[in-house]
Amino acid sequence: MDKFTTLTAIAAPLPEANIDTDKIIPARFLKTTKRTGLGVHAFDSMRYREDGSENPDFVLNREPYRNAQILISHENFGCGSSREHAPWALLDFGLRCVIAPSFADIFFNNSFKNGILPIRLPREVCDTLMEDAAQGANSRLTVDLARQVVIRPDGTEVPFEVDPLRKHLLLEGLDDIGQTLQQEQSISAFEAKRAKDEPWRTVIALD
Amino acid sequence: MSSQIGPPSGGPISATSPDASTRLFVPDNPDGRPDHPEASSAKPVRNRTAMSPRTLFDKIWDSHVVETLSDGTAILYIDRHLVHEVTSPQAFEGLRMAGRKLRHPEATIAVVDHNVPTSDRTQPIEEPESRNQIETLERNVKEFGVPYFPLLSANQGIVHVVGPEQGISLPGMTIVCGDSHTSTHGAMGSLAFGIGTSEVEHVMATQTILQKPAKNMKVEVEGALAPGVTAKDVVLAIIGKIGTAGGTGHVIEFCGSAIRGLDMAGRMTVCNMAIEAGARAGLVAPDDTTFEYVRGRRFAPKGDDFDAAVAYWRTLPSDEGAAYDTTVTMRAEEIEPSLTWGTSPENVLPIGGAVPDPANEADEAKRAQLERMLSYMDLKAGQKIAGTPVDVVFIGSCTNSRIEDLRAAAAVAAGRKVASGVRAMIVPGSGLVKAQAEQEGLDRVFLDAGFEWREAGCSMCLGMNPDKLTPGQRCASTSNRNFEGRQGPGGRTHLLSPAMAAAAAVTGVLTDVRELNALPV
């Protein structure tokens, strides 16, 4: 996973609530066995017309937002399925940060695992940042994870909250499996105690 | 989110661990910045002690904490890992690349469901990418030794139907799967939630997951459901009331006499859609209904072990006086047969209701979104929802494909005919459900009425297999999501109960099932 430290980038406004994971990546594109290559299908139904041509009204089809690395949206971003293909598609498109008033839990979780920083900020702050974003390429936002601030084009800083463990993993670009495996002894001890205390537990063994 | 609940079962990680970059110690508030006010609302309100009354969720959580890290993140032990073909290939690949083993294959079960055709199974799968995903799973389960129900097995089915049916999902367990509708298994009185593929890999490698405790929400439905009102109507009414983000950050415990009165299939329907209310998981306290359901199932404890398990399971229901962060109460009598009109599961109407008028919405962004929904759904502001013609009826999915659901649909279909021009499909949730239905003669009822009788799978719930809507088609569907394009690009979905879906099939329009004088028992 790539580290996330400081990002200065174009931000794209997507002022819509409940952007669901089927909007981010429709199910018919989930047949891949890879993590990469989904960027071309990100926001498929909003981004392309029925004949496959680009919808010029969709923000990510317009300059300078084709190069956006930050997305700003409304409430309950990423609701719906658990598909990690959603953050994979965003990442493959080039997005590293999503700012919204609220996120669905599983999407929020999945984002961190892929080096995407989801930031929760109040609706009115998101709307202000969208106004900044509407000014296009002259109006880049900076996200400083270490200091936990979004820096607006006029230099104003907007503080945000992030879970300390997730912040640590993002800043270092660390894989959490390796970390958890360092607790192998604790896991084994837990398993041994349960096997002793609750011998009725079953296993799945097919003949 | 970061407050720790309950005493950790192991101590916190030592801060004297030698290598700061690889240990799991995380300094609290490392740069001395104060908490932001908006973040504090996300923390559970209670400061629990070991003596405090606990909720069902608290008890399951506490009994699975391997370690609690300094910032409150738990290493949570996972009892059952359900695997399917869509969200697992990258996880298996990750294990392989890192040279890691799958820690407990015997706590893992794999099935194919999302991609599979629900027509003739003896033919090779035509779609090459679907075939590849299924073949990839088959290679992976062999390599890692994971128990697997293959496509042609009678045990194959939708993962969330198979788990409870086989006795794999049991009360008090932690259960995960790379699928958001894992919340279904909460009906067993277990903590069950959907995870992403990175977490699938984490569970495969460690049999644990990293999580912060969720907040407790109680949704209490008291009273008796009126005739014709089912578990699906109950959960739609709940989502209509609290919204698709109403449960965010929470685990919802569904309780009250109306919930206790549901059979296991009904409880599974309710918990299944907890995710549509934004919750991490849904739960129903295990009781005699649960234990009788579990008794004798293939992987459930047997004999004295079963009795020992039941004795433990009886300790799980929430203690008197346990605190909830959020409580919602509803009267069962006020719930009517319901359905969705828009492209979010919170767009719920009673069948007698009318589509809302965006003009009444003050917020500009919300108004625009309502207008877009009306246009996408080809509905007019203020129109009565009943009487809207449908093209397709889909009875199936992890929400409503169990034998009880099929019986309810058959009660309405019996002696009637599918309306001309309507395609009506019945897709049982598993091979075992299909066999049971055939034994009861339900297949004849459906076939005689003009329904299609198909093989088990996710089918038209999500447009990943050949069962899809074509652009503009309107579908009465017993599934769980009505998002734009969910059942196929341009498809229009109305979520409703199996009985209501059958009523739409035989009348050709969205219909109040109570008017058909054939109320399912």
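Residues numbered from 1 in each chain as written. Chains lettered and ligands numbered in written order. Predicted model: local features only at pLDDT ≥ 70, side-chain atom pairs only at ≥ 80, totals over all residues.

Some thoughts on the overall build of chain B
Part 1 of the argument: Along chain B, the regular secondary structure elements total 16 helices and 19 strands.
Part 2 of the argument: The proportion of buried residues among the 521 residues of chain B is 60%.
Part 3 of the argument: Sequence separation of 24 or more characterises 78% of the internal contacts of chain B that already satisfy a separation of 6 or more. (Helix = DSSP H or I, 4+ residues; strand = E, 2+ residues; numbered from the N terminus. Buried ≥ 20, exposed ≤ 12 C-beta atoms within 10 Å, placed from the backbone. Contact = placed C-beta atoms within 7 Å.)

Quick notes on the overall build of chain A
Part 1 of the argument: If you tally the helices and strands in chain A, you get eight helices and eight strands.
Part 2 of the argument: Taking the principal axes of the C-alpha coordinates as reference, chain A spans close to 65 × 45 × 25 Å.
Part 3 of the argument: Evaluated residue by residue, chain A yields a buried proportion of 48% over its 207 residues.
Part 4 of the argument: Partitioning the intrachain contacts of chain A with sequence separation of at least 6 by distance along the chain shows that 68% fall at a separation of at least 24.

What to know about the confidence of the model for chain B
All names here are of chain B.
Part 1 of the argument: Per-residue confidence for chain B averages 91 on the pLDDT scale, and 90% of its residues sit at or above 70.
Part 2 of the argument: This stretch, residues 1-43, has a pLDDT under 50; its non-local contacts, to residues over four places away or in other chains, come to 67 contacts.
Part 3 of the argument: Both confidence scores are given for the complex: pTM 0.92, ipTM 0.95. (pLDDT = per-residue confidence, 0-100.)

Some words on the interface of chain A and chain B
Part 1 of the argument: Listed as interface residues are 57 residues of chain A and, on the opposing side, 76 residues of chain B.
Part 2 of the argument: Going through the elements one at a time, helix H1 (21-24), helix H4 (105-113), helix H6 (164-172), helix H7 (176-181) and helix H8 (184-197) of chain A are the ones with two or more residues in the side of chain A that touches chain B.
Part 3 of the argument: The residue makeup of the side of chain A that touches chain B, split by class, is 21 nonpolar, 19 polar and 17 charged. (Nonpolar A, V, L, I, M, F, W, Y, C, P; charged D, E, K, R; others polar.)

Some remarks on the environment of A:Asp176
Part 1 of the argument: Counting through the fold element by element, A:Asp176 comes out in helix H7.
Part 2 of the argument: In this structure A:Asp176 comes out as buried when scored by C-beta crowding, with 22 C-beta atoms within 10 Å.
Part 3 of the argument: Sequence separation between A:Asp176 and A:Asp22 is 154 residues, and the spatial gap between their C-alpha atoms is 27 Å.
Part 4 of the argument: Setting aside residues up to four positions removed in sequence, A:Asp176 forms contacts with A:Leu169, B:His202 and B:Leu210.

Side note on the packing of helix H3 (residues 89-98) of chain B against helix H6 (residues 197-206) of chain B
Residue and element names in this part refer to chain B.
Part 1 of the argument: Contact geometry for H3 and H6: axes closest at 8 Å, N-to-C directions at 50°. In this view, H3 runs oblique relative to H6, as classed from their interaxial angle. Between H3 and H6 lies a crossing of right-handed hand. Contact residues: H3 offers Gln90, Ala91, Gly94 and Leu95, while H6 offers Thr197, Val200, Glu201, Met204 and Ala205.
Part 2 of the argument: Of the residues contributing to the contact of H3 with H6, the split by class is five nonpolar, three polar and one charged. (Axes fitted to C-alpha atoms, helices over the stretch in contact; angles between N-to-C directions. Parallel < 35°, antiparallel > 145°, perpendicular 65-115°, else oblique. Left-handed = near helix turned anticlockwise from the far one by under 90°.)

A word on the domain arrangement of chain B
A common way to express how large an interface is: the accessible area buried when the components associate.
All names here are of chain B.
Part 1 of the argument: Under the domain assignment, chain B is made up of domain 1 (80-333) and domain 2 (340-516).
Part 2 of the argument: Between domain 1 and domain 2, the residue contacts involve 39 residues of the former and 39 residues of the latter.
Part 3 of the argument: Put simply, the parts of the chain that give the side of domain 1 that touches domain 2 at least two residues each are helix H5 (159-165), helix H7 (231-242) and helix H9 (264-272).
Part 4 of the argument: Of the residues in the side of domain 1 that touches domain 2, the class split is 13 nonpolar, 19 polar and seven charged. (Domains from an automatic or database assignment.)

Quick look at the nonpolar core
All names here are of chain B.
Part 1 of the argument: In terms of nonpolar packing, the biggest core is built from 211 residues, with Val393, Ala409, Ala413 and Ala505 touching the most fellow members.
Part 2 of the argument: Shared between two domains, this core takes at least three residues from each, and those domains are domain 1 (80-333) and domain 2 (340-516).
Part 3 of the argument: If we skip the residues at most four places from it in the chain, Val393 touches Val422, Ala424, Met425, Cys475, Ala476, Ala501, Ala504 and Ala505. (Core = buried A, V, L, I, M, F, W, Y, C linked by C-beta atoms within 7 Å.)

Things to note about the sheet that holds strand E6 (residues 141-144) of chain A
Residue and element names in this part refer to chain A.
Part 1 of the argument: One open sheet holds the four strands; their spatial order is E1-E6-E7-E8, and the pairing between them is antiparallel. Each edge of the open sheet carries a strand with a single partner, namely strand E1 (6-9) and strand E8 (157-159). Averaged over neighbouring strand pairs, the angle between their axes works out to 15° when direction is ignored. (Pairing = 2+ DSSP bridges.)

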